[in-house]
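# A closer look at the structure
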Amino acid sequence: MSNELLVMKFGGTSMGSADRIKIAAKLTAEQHATRPVAIIVSAMSKVTDLLLDTLKKAEASDSEGLEANLAALTARHLECAKDLLPADRQDAACRGIEALTAEFTRIARGMLLLRERPPKSVDEAIAIGERLSAFLLAEYFNSEGIAAQAVNAATVIATDAVFGNATPILDATRERAAKVLRPLLDKRVLPVVTGFNASTLDGRPTTLGRGGSDFSASIIAAVLDAAELWIWTDVDGIMSADPRLVKNARVLPEVTYAEAAELAYNGAKVLHPRTLAPLAERKIPVWSKNSFAPHVPGTRIVPVIETGLGPRAVTSMTGIAMVSIEPASAEISGTKVMAEAIEALSRSGVELMLITSSSYTQSFCFLIRQSELDRAQEFLQQSLALEIAHGYLKPILIDKEVGLLAVVGEGMRGTPGLAGRIFTAMSRQNINIVVIAQGSSELTIAVVVHRKDLELAVQSIHEECGMGRKD
Ligand code: ADP
Ligand code: ASP
Ligand code: MG
């Protein structure tokens, strides 16, 4: 038996039904027989969406919709417990599930009364999805004779107080993990940790952003000095494009941390964008694997690959907005406007995904998520109020009909003519480029196009750069 800890994370589809949970348990048990294992789980597929929708209904005083969602939530988990567990364990499991759904119900009904949805309470409420799935999987292990314990990550991962998108505090997390997880591992009890959720230093519940269970797993792997992290999902690994969009997308056997992070930040949903950061210092290798095809090796994510391989993948992202700001008069310095705008965005906490400027008109534009647009506008209007009132600035333009794609690959640094190929591919399809940007790392070329052109642009670049399977 090796001492080397393996951390494994199972995503929503890998936890989506009793059958899937049994497979996750089998994959875990195989490893647990030879080395210590800790697992992190997502909520069952679509459950986080259901929880968020329920809270929106509560705020909107839709009590009928709220009750229907609560019934669906409870029924799905009770049914899963019945399919998963032997008869003599079902009563206790059903009581456990009802206790958790009752916690959610209490918060949701509170929001209905107050007609408010405070971010702090949202985080506390939506953690129930992962607490339910972790509970079910731990019960299943125990029923199979493998000692396991569901662990609420609020007792393990410490974060700042940015509800909905919290950032971990690693030193405090390391201390908590030593107290909560080490004793379980030492006793060979398998910890089944909830993904996605955490808590502030003073114990208020937080979450790590949508898709955040990948990030939970990497945080836990880092603070426990794990030997490896395996992320189980529903595709064969990190691919040259989203396989739902590009039919001949191929699995990349190896990618670097930097490539994986660029892909994730630019829309490849297969990894949460912040997953790689906690692992970089300790260089813990990560595998992305398919729980529906466990024999396929998957993608290994490593610190460096010796030879750069040119453009390797193309991502796409929707749900974004382009904001353009242009001075109306020469009396105002474009640089000063830009500085004020960026300062306002920084205070708002809105993430800037791309920015470009033009030297002659001193105009500039940037890309943000549509979900953050209202907040960004509020801060920009406030900070640029004087310039707007004096007519020094043209009205701020917002374009929501855009999409982002990014071509990523370590070897792009030394590949002359690559931008030309990307443009050729798009011009052949009559696709207009709205904005183009290349980061200083030269790992990524990002292009903004009209939303209607996004899919075709991705497909034609994938084809032109020969990224796909050759068969
Ligand atoms: P999980 O629930 O396991 O976390 P996600 O749905 O978050 O899984 O991520 C997996 C999905 O990411 C895949 O089903 C796939 O459609 C999508 N995806 C987007 N881009 C890529 C890519 N480049 N490689 C692999 N999958 C991708
Ligand atoms: N359940 C959370 C979500 O759907 C976190 C995750 O699945 O990674 O966003
Ligand atoms: Mg995910």
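You'll find the structure just up there.
So, a few notes on the structure that sits alongside this text. These numbers come from a predicted model, not from an experiment.

Right, let's get into the overall build of the protein chain. What the protein chain contains, in helices and strands, is 16 helices and 17 strands. For the protein chain, the C-alpha radius of gyration of 24 Å lies close to 23 Å, the compact-globule estimate for 471 residues. With the C-alpha coordinates aligned to their principal axes, the bounding extent of the protein chain is approximately 75 × 55 × 40 Å. Each of the 471 residues in the protein chain was classed as buried or not, and the buried ones make up 52%. Excluding contacts between residues fewer than 6 apart, the proportion of contacts in the protein chain whose partners are at least 24 apart in sequence is 76%. Looking at the protein chain as shown, the accessible area adds up to about 20500 Å², and 52% of this sits on carbon and sulfur atoms. Of the charged side chains in the protein chain, 49 are positive and 55 negative; the average position of the first set lies 3 Å away from that of the second.

In this structure the tally under the stated criterion is 23 salt bridges. Of the charged contacts in the structure, one is a salt bridge between Asp214 and Lys9, with a shortest N-O distance of 2.6 Å. Here Asp214, found in helix 9 (residues 213–223), pairs with Lys9, found in strand 1 (residues 6–10); they are 205 residues apart in sequence, far enough to count as distant. Each member of the pair, Asp214 together with Lys9, is buried. Measuring nitrogen to oxygen at the nearest pair gives 3.0 Å for the salt bridge that ties Glu67 to Arg109. One end of the pair, Glu67, is in helix 3 (residues 63–84); the other, Arg109, is in helix 4 (residues 87–114), and 42 residues separate them in sequence. A single salt-bridge network, built from bridges that share partners, covers Lys336, Glu340 and Glu387.

Residue placement: His462 occurs in helix 16 (residues 454–464). Beyond its immediate sequence surroundings of up to four residues, His462 is in contact with Ser240, Ala241, Val246, Asn248, Ala249, Val314, Met467 and Gly468.

In this structure, the second largest pocket occupies an estimated 300 Å³ of space. Considering the residues around the second largest pocket, the lining is formed by 16 residues, among which Glu262, Asn266, Met353, Thr444 and Ala446 are closest to the centre. Looking at the lining of the second largest pocket, the element that brings in the most residues is helix 10 (residues 257–265), giving 3 residues.

Turning our attention to helix 7 (residues 170–180). Of all the positions in helix 7, only Ala172, Thr173, Arg176 and Ala177 are classed as buried. Along helix 7, the residues classed as buried sweep out an arc of 135 degrees about the axis, all on the same side. In helix 7, those exposed residues whose orientation departs by more than 90 degrees from the buried face are Asp171, Glu175 and Lys179. Its buried side turned inward, helix 7 meets strand 4 (158–159), helix 8 (182–186), strand 6 (197–200) and helix 9.

This paragraph deals with the site of ligand 1. The immediate surroundings of ligand 1 are formed by 17 residues, with Thr233, Asp234, Met239, Arg244 and Lys269 found nearest. Between Gly12 and ligand 1, the recorded distance is 3.1 Å, taken from a backbone N or O atom to an oxygen atom. Relative to its unbound accessible surface of 580 Å², ligand 1 loses 88% to contact with the protein. Broken down by class, the residue content of the shell around ligand 1 amounts to 8 nonpolar, 4 polar and 5 charged.

Another point: the site of ligand 2. In the vicinity of ligand 2, the contacting residues are Ser42, Thr48, Glu130, Phe196, Arg210, Gly211, Gly212 and Ser213. Within the backbone of Gly211, an N or O atom sits 2.8 Å from an oxygen atom of ligand 2. Interatomic distance of 3.4 Å between a backbone N/O atom of Gly212 and an oxygen atom of ligand 2. Expressed as a share of its isolated accessible area of 260 Å², the protein-covered part of ligand 2 is 86%.

Scoring rules and cut-offs
Residues numbered from 1 in each chain as written. Chains lettered and ligands numbered in written order. Predicted model: local features only at pLDDT ≥ 70, side-chain atom pairs only at ≥ 80, totals over all residues. Heavy atoms only, no water. Helix = DSSP H or I, 4+ residues; strand = E, 2+ residues; numbered from the N terminus. Rg over C-alpha atoms; globule rule 2.2 N^0.38 Å. Buried < 20%, exposed > 50% of the residue type's maximum accessible area, 1.4 Å probe, protein only. Contact = heavy atoms within 4.5 Å. Areas by Shrake-Rupley, 256 points an atom, 1.4 Å probe, with all protein chains shown as cover. Lys, Arg positive; Asp, Glu negative; His and termini not counted. Charge placed at Lys NZ, Arg CZ, Asp CG, Glu CD. Salt bridge = Lys/Arg side-chain N within 4 Å of Asp/Glu carboxyl O. 1 Å grid on protein atoms, 1.4 Å probe; cavity = no way out; pocket = protein on both sides within 12 Å on 5 of 7 lines; lining within 4 Å. Points joined across faces, edges and corners; volume = space filled by probe spheres on them. Arc of directions from axis to C-beta. Near = heavy atom within 4 Å. Polar contact = N/O pair within 3.5 Å; in protein donor to acceptor, adjacent residues only side chain to side chain. Nonpolar A, V, L, I, M, F, W, Y, C, P; charged D, E, K, R; others polar.

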